[in-house]
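Survey of secondary and tertiary structure
What follows is the residue order along each chain.
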Amino acid sequence: MSHPLLSLREGPVARLRLNRPELHNAFDAILIAALTGALESVGADDGVRVVVIEGEGASFSAGADLNWMRGMAAAGEAENREDALALARLMRTLNELPKPTLARVQGAAFGGGVGLVACCDIAIAAPQAKFGLTESKLGLLPAVISPYVIEAIGARQSRRWFASAEIFDAATALRIGLLHEVVAADQLDAAIDQQIALLLKAGPHAAAQAKALVRRVAGERDGARLDADNAALIAGLRVSAEGQEGLSAFLDKRKPNWIA
């Protein structure tokens, strides 16, 4: 049996590929644990600068595996709670990973697959990709992934898609903010490579801190505290080794030392 997750390394780029194509890369407990562990590993690896989440075969991820769901339906509430917490840990680990993340969406993304897309910093899809938060058809809701989907598409859009369980296309996903870009299928890899090249030009520490900055600013309601925290952040970055190198390179009209 093939491993449900392939961890591929291309220099400073780590590609984590869901590898259950015969099941449309659906989640089960084994895949969730494998992806969480892989994310924790690359997050702690100073040699990794960018992480790409992708799926093998025709689909990105169809969400929950039906056999897994059947087993959880027969389990008790406590076991279901622990199972849901494992998925929550995966989503939070991806959302807060201290590396820039890209979702390469070549096909269908449903349920938890939408959660993965929402948790990535940049999401690019092919036109044939389809999306759906279909849990309400089963009398359920996308509760675990809801913080990340709501952050991506907003509360009003979420109210529609959570309740209706409609399938929507890549153009709609782009319009509502789940995707950043839609490109022709034969240009998908080129678009991902272009984003990787841009991310590798950024200072590694700055790139790692970017999402933490956005998360903190978006959640802060005290203006004075926000100003103080942001001033402290930029001051620390300016005097850091990376900041000094970046500023010197700009002034000297040369590439900084993190660009090969």
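All of the points below concern the structure found in this document. Because the structure is a prediction, the values reported are computed rather than measured. (Residues numbered from 1 in each chain as written. Predicted model: local features only at pLDDT ≥ 70, side-chain atom pairs only at ≥ 80, totals over all residues. Heavy atoms only, no water.)

**Comments concerning the nonpolar core**
Core analysis: the largest hydrophobic core is formed by 49 residues, its most contacted members being Phe27, Leu39, Val51, Ile53, Leu116, Phe131 and Leu178. For this core, the element with the most residues is helix H1 (residues 29–43), which contributes seven residues. Core analysis: the second largest hydrophobic core is formed by 13 residues, Val52, Leu102, Val183 and Ala191 among them. (Core = buried A, V, L, I, M, F, W, Y, C linked by side-chain atoms within 4.5 Å. Buried < 20%, exposed > 50% of the residue type's maximum accessible area, 1.4 Å probe, protein only. Helix = DSSP H or I, 4+ residues; strand = E, 2+ residues; numbered from the N terminus.)

**Description of the packing of helix H3 (residues 77–95) against helix H4 (residues 112–119)**
Their axes nearest at 8 Å, the elements H3 and H4 cross at an angle of 25 degrees. By the criterion of interaxial angle, the relationship of H3 to H4 is roughly parallel. The two elements H3 and H4 cross, and the hand of that crossing is right-handed. Side by side, H3 and H4 meet where Leu90, Met91, Leu94 and Asn95 of the first sit next to Gly112, Gly115, Leu116 and Cys119 of the second. (Axes fitted to C-alpha atoms, helices over the stretch in contact; angles between N-to-C directions. Parallel < 35°, antiparallel > 145°, perpendicular 65-115°, else oblique. Left-handed = near helix turned anticlockwise from the far one by under 90°. Contact = heavy atoms within 4.5 Å.)

**Brief notes about the sheet that holds strand E2 (residues 13–18)**
Pairing within the open sheet is mixed, and its six strands lie in the order E1-E2-E3-E4-E6-E9. Looking at the sheet topology across the chains shown, the edges are occupied by strand E1 (5–10) and strand E9 (181–182). Where strand E3 (residues 50–55) meets strand E4 (residues 101–105), four bridges bridge the pair, whose relative direction is parallel. By the bridge assignment, Val52 is partnered in E4 with Leu102. (Pairing = 2+ DSSP bridges.)

**Topic: the environment of Ala241**
Positionally, Ala241 belongs in helix H11 (residues 241–252). Residue Ala241 is classed as exposed on the basis of its relative accessible area of 67%. For Ala241 and His205, which are 36 residues apart along the polypeptide, the C-alpha to C-alpha distance reads 9.9 Å.

**Quick word on the environment of Leu16**
Its location among the elements puts Leu16 in strand E2. Sequence separation of Leu16 and Leu6 is ten residues, and the distance between their C-alpha atoms is 5.8 Å. Residue contacts for Leu16: discarding those within four places in its chain leaves Leu5, Leu6, Ser7, Leu35, Ala38, Leu39, Val51, Val52, Ile53 and Glu54.

**A short note on the pairing of E1**
For E1 and E2, the ladder comprises six bridges, and the chain directions are antiparallel. Looking at the pairing, Leu5 lines up with Leu18 of E2. Following E1, the chain reverses through two residues before pairing antiparallel with E2; Gly11 in that reversal takes a positive phi of roughly 60 degrees.

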